[in-house]
Amino acid sequence: MAEDNRRGDEDERGPGAVYQMFVVMEDLLDKLKLLNYEEEVLRKNNMKTLSRHYFALPTNPGEQFFMFTTIASWLINKACRPFEQPQEYDDPNATVSNILTELRTLGGQVDFPPSKLKAGYGEHVCYVLDRLAEEVLKQTQFNWNKPNYPTEELEESSVMEDDSELTLNKMQEEMIEEPDDYEEHLMDLEALKAQRNTTETSESSKPDEILESTTDAAEWNLEVERVLPLLKVTIRTDNKDWRIHLDQMHQHKEGIESSLKETKGYLNRLQEEISKTLEKVASREKYINNQLEHLIHEYRTAQSQLSEAKERYQHGSGGVTQRTRMLAEITEELEKVKQEMEEKGSSMTDGAPVVKIKQSLTKLKQEIIQMDIRIGVVEHTLLQAKLKEKSNMTRDMHATMIPEATIGGIF
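Owing to the predicted nature of the structure, the values given are computational and were not obtained by experimental measurement.

Definitions and limits used
- Residues numbered from 1 in each chain as written.
- Predicted model: local features only at pLDDT ≥ 70, side-chain atom pairs only at ≥ 80, totals over all residues.
- Heavy atoms only, no water.
- Helix = DSSP H or I, 4+ residues; strand = E, 2+ residues; numbered from the N terminus.
- Buried < 20%, exposed > 50% of the residue type's maximum accessible area, 1.4 Å probe, protein only.
- Contact = heavy atoms within 4.5 Å.
- Areas by Shrake-Rupley, 256 points an atom, 1.4 Å probe, with all protein chains shown as cover.
- Expected span 1.5 Å × (residues − 1).
- Arc of directions from axis to C-beta.
- Phe/Tyr/Trp six-rings, centres within 6.5 Å; stacked < 30°, edge-to-face > 60°.
- Axes fitted to C-alpha atoms, helices over the stretch in contact; angles between N-to-C directions.
- Parallel < 35°, antiparallel > 145°, perpendicular 65-115°, else oblique.
- Left-handed = near helix turned anticlockwise from the far one by under 90°.
- Nonpolar A, V, L, I, M, F, W, Y, C, P; charged D, E, K, R; others polar.
- 1 Å grid on protein atoms, 1.4 Å probe; cavity = no way out; pocket = protein on both sides within 12 Å on 5 of 7 lines; lining within 4 Å.
- Points joined across faces, edges and corners; volume = space filled by probe spheres on them.
- pLDDT = per-residue confidence, 0-100.
- Core = buried A, V, L, I, M, F, W, Y, C linked by side-chain atoms within 4.5 Å.
- Salt bridge = Lys/Arg side-chain N within 4 Å of Asp/Glu carboxyl O.

Structural notes on the overall build of the protein chain
In step 1: Helix and strand counts for the protein chain come out as 16 helices and zero strands.
In step 2: By residue count, 17% of the 411 residues in the protein chain fall in the buried class.
In step 3: Within the protein chain, contacts between residues at least 6 apart in sequence are counted, and of these 64% link residues at least 24 apart.
In step 4: Summing over all exposed atoms, the protein chain offers an accessible surface of approximately 34,100 Å²; the carbon and sulfur share of this is 55%.

Brief notes about helix 6 (residues 92-105)
In step 1: Under the 1.5 Å per step criterion, the end-to-end length of helix 6 is 20 Å for 14 residues, consistent within 8% with the ideal 20 Å.
In step 2: Turning to helix 6, its buried residues are Thr95, Val96, Ile99, Leu100, Glu102 and Leu103. Buried residues of helix 6, viewed axially, fall in a sector of 160°; they line one side.
In step 3: Looking at the buried positions of helix 6, the neighbouring elements they touch are helix 5 (61-78) and helix 7 (123-139).
In step 4: Two residues or fewer after helix 6 comes Gly107, characterised by a positive phi angle close to 100°.

Focus: the packing of aromatic side chains
In step 1: Under the definition given, this model contains three aromatic pairs.
In step 2: Ring centres of Tyr54 and Phe55 lie 4.9 Å apart, and the angle between their planes is 85°; this geometry places the pair in the edge-to-face category. Phe55 matches Tyr54 in its accessibility class, with the two residues each being buried.

Digging into the packing of helix 6 against helix 7
If you want to describe how two helices pack, look at the angle between their axes and the distance between the axes.
In step 1: Where helix 6 contacts helix 7, the two axes come as close as 11 Å, and the packing angle between them is 45°. Considering the angle they form, helix 6 stands oblique to helix 7. Between helix 6 and helix 7 lies a crossing whose hand is left-handed. In this structure, helix 6 contributes Ile99, Leu100 and Leu103 to the contact, and helix 7 contributes Tyr127, Val128, Arg131 and Leu132.
In step 2: In terms of residue class, the contact of helix 6 with helix 7 is made up of six nonpolar, no polar and one charged.

Some details on helix 7
Residues spaced three or four apart along an α-helix point in a common direction, a consequence of the helix completing one turn every 3.6 residues.
In step 1: Look at helix 7: 24 Å from first C-alpha to last across 17 residues, which is about the 24 Å you get at 1.5 Å a residue.
In step 2: Judged by how many residues are buried, helix 7 sits mostly within the fold: 15 of 17 residues are covered.
In step 3: Gln141 sits one or two residues past helix 7 and shows a positive phi near 60°.

Observations regarding the layout of surface pockets
In step 1: Approximately 1,000 Å³ is the volume attributed to the largest pocket.
In step 2: Forming the boundary of the largest pocket are 28 residues, of which Asn45, Asn46, Met47, Phe66 and Lys280 lie nearest the centre.
In step 3: Here the lining of the largest pocket is composed, by residue class, of nine nonpolar, 10 polar and nine charged.

What about the confidence of the model for the protein chain?
In step 1: Per-residue confidence for the protein chain averages 76 on the pLDDT scale, and 74% of its residues sit at or above 70.
In step 2: Taken together, the stretch residues 178-187 has pLDDT below 50 and engages in five contacts with residues farther than four places along the chain or on a different chain.
In step 3: Across residues 202-206, where pLDDT falls below 50, the model places one contact with residues more than four positions away in sequence or in other chains.

Re the nonpolar core
In step 1: Among the nonpolar cores identified, the biggest contains 40 residues, and Leu50, Phe55, Phe68, Ile71, Leu75, Val128 and Leu129 are the most heavily contacted of them.
In step 2: Elements with a minimum of two residues in this core: helix 3 (20-34), helix 4 (37-45), helix 5, helix 6 and helix 7.
In step 3: Broken down by element, the residue count for this core peaks at nine residues, all from helix 7.
In step 4: Leave out the neighbours within four places in its chain, and Leu50 touches Leu29, Leu32, Tyr37, Phe55, Met67 and Ile71.

Some details on the packing of helix 3 against helix 7
In step 1: Running from N to C, helix 3 and helix 7 point in directions that differ by 35°, and their axes come no closer than 9 Å. The two elements helix 3 and helix 7 meet at a crossing, and its hand is left-handed. Here Met21, Val24, Met25, Asp27, Leu28 and Lys31 of helix 3 lie close against helix 7, whose contacting residues are Glu123, Cys126, Leu129, Asp130, Ala133, Glu134 and Leu137.

Observations regarding the pattern of salt bridges
In step 1: Applying the stated criterion to the full structure yields six salt bridges.
In step 2: A salt bridge links Arg131 to Glu135, with the nearest nitrogen and oxygen atoms 2.4 Å apart. Highlighted residues: Arg131 and Glu135, both in helix 7, separated by four residues, approximately one helical turn. Like Arg131, the residue Glu135 is buried in the burial classification.
In step 3: Between Arg325 and Glu329 there is a salt bridge whose closest N-O contact spans 3.4 Å. Taken together, the positions of Arg325 and Glu329, both in helix 14 (residues 293-349) and four residues apart, correspond to about one turn of that helix.
In step 4: A relative accessible area of 41% places Glu329 in the partly exposed class.

Shown next as structure tokens:
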């Protein structure tokens, strides 16, 4: 069976197992139609008709799960098992568990977790519904019979090409291609008038020939068959003609009216569904508001307390900011005082200036000694120069001295 193949291991089922649920879904739809689910389920609950792949492909999980539980409860009740129809706000875990329990009671095998059914689509959903529908069909003693195909006799019919219709385009082409042949078939109006006058003149002379025709019927039929195609001309309509536009307007109007009737029904149903949904939403909103009214009151009280605390915080934060600025100024002044104290303390306890003074004194003493030596050398040199100059002067004086007596006698 299809169910046993579906429930096998995926490696053993082969690559076509992925599409097995589509086959099961189609079989399920046929079984539901046999059980008249459209009248008993869809119209009763105001639901739309299921498609061939409704439970095989994901479209709207919430809607599909509600449809699955509704059809499953209906099938269980059809199988003579009392089962309450699930509501929209029921616990999905409890609903799925109850459905699987009824399926095991009816003899179905369940070797998959219940969470597979909460999505509302997939092979497990198709399997559960198909198994329930099969049990209902068994209880109703429904048997699948082989189809009886009617015997059809093959009749060979040859469709003769009808050349009686002649379109205007074809006629124009023939006129262009064979103008001479076409002109042969045209009637000369002057000759027709002359023939008519001749007939009228000869009418009184030969009345018996008119009353009794001598024309052969076979020749007449042949002539009619030859001329008949030339008498049927299909004139191509011009799209710019106002009559064509008027006909198109009438056609479009009829199409719009027919589409409007169908669409109106869908829109009315959609309006009813939306109004029901809005009523449900409004009722749920009122229920939630009633249940959460005390929490809303507490929330508003907390909001007012929070606003008051924010105001106090802002007021306090302003004073803190001013005091923080004052603290920063005092700290900066304190750092300056500490830096000055450190500089003075370091200058008072530092012995480097004394060492520098001692070094300078030692260097001055050395320089003084050197200057004294240089002064002594200079003094010695000057003394020698003075002594030498004095000796030279004395020698010069003795050398140039003239006795006084000699000088006196001369005078």
